[in-house]
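# Residue-level structural notes
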Amino acid sequence: IMGFSNEQLYGLSQKIINKSRNAFFGEAYNLSYVDIFEYASKKQGLKKWQIELGIHHQELHIPWDEPVPEELWETVADYCDNDVRSTEAVHQARIQDYNARLILAKLSGLTVNSTTQQHSTRIIFGTDRKPQSKFIYTDLATGNRIYGEDTPVSEHDAGDVAFEGYTFKFGKSEYRDEDPSEGGYVYAEPGMYQNVAVIDVASMHPTSIVNLNAFGPYTKNFKALMTARLAIKRRDFETAQYLFDGALKPYLGSDDDAEALSYALKIVINIVYGMTSAGFENAFRDPRNVDNIVAKRGALFMIDLKNFVQDLGYQVVHIKTDSIKIPDADQKIIDLVMEFGQDYGYEFEHEATYDQFCLVNNAVYIAKVRAGRKPEHWEAVGAQFQHPYVFKTLFTKEPLEFKDICETKTVTSSLYLDFTENDDTPMALRPEGSSNLRFVGKAGSFVPVVSGGGELLREKDGKYHSATGAKGYRWIEAEVMRDRLDESQPISSNEQVDWSYFRHLTDDAIDNISNYGDFEMFTHEGK
């Protein structure tokens, strides 16, 4: 638009890549209508989206800082075309996020192209350029409030719950002889258990913000967002329509519109906690809050809760941030946990009961959920048991699909397939020229095969090493494998796939569970 030549545009792009401070034009940000990467609630690059959505994954191994030979211009054009098609596909896949952005723009009065952070700031703080001067900081050990220089007198109160004995020094915390951690409390007693009650705090971090009155006079706006979302969830549109001076009413005319509004409110509620603890300056960050008191209040509460449950003679086998798991639970302990939470301003939900539960470490477990709001089903947390081949083969017994045997690999440098030792590799799979290396990109989806294919390598500093988890197997790209499939046959009978790779995964999972009990009895196969 400003008349730059191609050469000048190239020079400008190099300045941007090299983070030159004088390379940016502020006006340029408003030329676009909306940024898909920014509004998408799941942040990942376009190439990773291509793999996840099963659309054509195409990379271009041409140096960006050199002229392109004319014979490759068509190749570059095809690459750009595919990126455009992929961008459209990502937009459609994240249409719920896009619709939420449209609603946020209506509520905030900002453009659709404004960031989620900007919309959230306007909705909660209005046009106040210095809301932090009204914030309230709480000493968690005493519960005493420390008010901002402009905090209205009407916001002064008696304080919050005191966690006596809590200390925070030099970036480290201690409470009741435990480390509550700086990012959420975790407690685990690995083992195999039965009749495990899973009781979760509803919206722990947002509730902590309200209990702490962290935003001073603006806390009521944040609380209204939570109230509105809860009311919509309960189909109480009557309550929701009067919040924010009736601004929500246009989105409560149908269940679909209300669902979109609820999702938009969830986005704002979720981003706010992250902003309070961010290391960079923003409207939600209190400079005094070096202790991240929003997350820490929840962590200290969970330590109190653990001790409370144990003192009653019950076992606590797992706590993860806002969730507690109690084996051999009865209604008495479930009720007592909920009552205990109320004393601290938290509301608990009895999320599920596990008939069978095997916890292998702080963050990985497999459980059979008792029938309730949903039919009986298996639930896996952690990559090992969530792997679709492992999950279906060992637990759900569902038939395999092609996507279940596709392994996604991502690196910060580049991935290559090395065909050096595979004379029987189809010509279509061989790289052009004399090199045996085929460039894949920073991300790719692959299938292990018994013959053909190549060794999967990652490049670093000009040297090649086996990609993580790929050593000892031959691989082909998933798109190529999909073209070879006989769709009339189940994928489990495909003789091209190297099933030993997947059997190794299931063997490891069985061994992990067997450390704590009988695997067959755990999966009910022994009955």
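Each remark here, short or long, concerns the structure printed above.
Fair warning: this is a prediction, and the values are worked out from it, not measured in the lab. Every chain is numbered independently, its residues counted from 1 as its sequence is written. Reporting in this predicted model follows two pLDDT cut-offs: at least 70 for local features of residues, and 80 or more for side-chain atom pairs to be given and counted; totals over whole chains, interfaces and linings ignore these cut-offs and use all residues. Based on all heavy atoms of the structure, the side-chain values leave hydrogens and waters out of the count.

Turning to the overall build of the protein, a few remarks are in order. Secondary structure counts use DSSP, requiring at least four H or I residues in a row for a helix and at least two E residues in a row for a strand, with both numbered from the N terminus. Within the protein, the regular secondary structure consists of 17 helices and 16 strands. Oriented by its inertia axes, the alpha-carbon framework of the protein measures out at about 80 × 75 × 50 Å. The buried label applies to any residue whose accessible area, calculated with a 1.4 Å probe on protein chains only, is under 20% of its type's maximum; exposed applies above 50%, and partly exposed to all values in between. When the 527 residues of the protein are sorted by exposure, 45% land in the buried category. The contact definition used throughout considers only heavy atoms, calling two residues in contact when any of these lie within 4.5 Å. Sequence separation of 24 or more characterises 63% of the internal contacts of the protein that already satisfy a separation of 6 or more. Of the roughly 28000 Å² of accessible surface on the protein, 50% is carried by carbon and sulfur atoms. Charged side chains of the protein number 55 positive and 80 negative; the gap between the two group centres comes to 4 Å. Methods summary: accessible areas were calculated by the Shrake-Rupley approach with a probe of 1.4 Å, and residue burial reflects only the protein chains presented. The charged-residue count follows a simple rule in which Lys and Arg add positive charge and Asp and Glu add negative charge, with His and chain termini not counted at all. Where a charge lies is defined by one atom per residue type: Lys uses NZ, Arg uses CZ, Asp uses CG and Glu uses CD.

Our focus in this paragraph is empty space enclosed by the protein. With a 1 Å grid laid over protein atoms only, a set of points is called a cavity when a 1.4 Å probe fits there but cannot get out and a pocket when it is open yet has protein on both sides within 12 Å along at least five of seven lines; lining residues have an atom within 4 Å of a point. Grid points are joined across faces, edges and corners, and a volume is the space filled by probe spheres set on the points. Evaluated as defined, the whole model comprises one cavity of 30 Å³ or more. The volume enclosed by the largest cavity comes to roughly 80 Å³. As for the largest cavity, its lining consists of Phe135, Ile136, Tyr137, Ala214, Phe215, Thr276, Phe284, Arg285, Asp286, Asn289, Ile293 and Val294. Elements that contribute at least two residues to the lining of the largest cavity include exactly β1 (136-138) and α11 (293-311). For the lining of the largest cavity, the residue count by class is eight nonpolar, two polar and two charged. Each residue gets one label: Ala, Val, Leu, Ile, Met, Phe, Trp, Tyr, Cys and Pro are nonpolar, Asp, Glu, Lys and Arg are charged, and the others, such as Gly, are polar.

Below, the discussion takes up unusual backbone geometry. Trans peptide bonds make up most of the peptide bonds, and negative phi angles are found at most residues other than glycine. Unusually for a residue other than glycine, Asp177 sits at a positive phi of about 65°. With phi around 65°, Lys397 is a residue other than glycine that occupies positive phi space. One can find Lys397 in the loop between α14 (388-396) and β12 (407-418).

On to the pairing of strand β15 (residues 463-466). DSSP-based pairing: two strands are paired if at least 2 bridges between them are found. By the bridge criterion, four bridges tie strand β14 (residues 455-460) to β15 in an arrangement that is antiparallel. Bridge pairing in β15 places Glu459 opposite Tyr464. Taking the residues that link successive antiparallel strands as the turn, the β14-β15 hairpin has two residues, and the phi of Asp461 there is positive, at about 55°.

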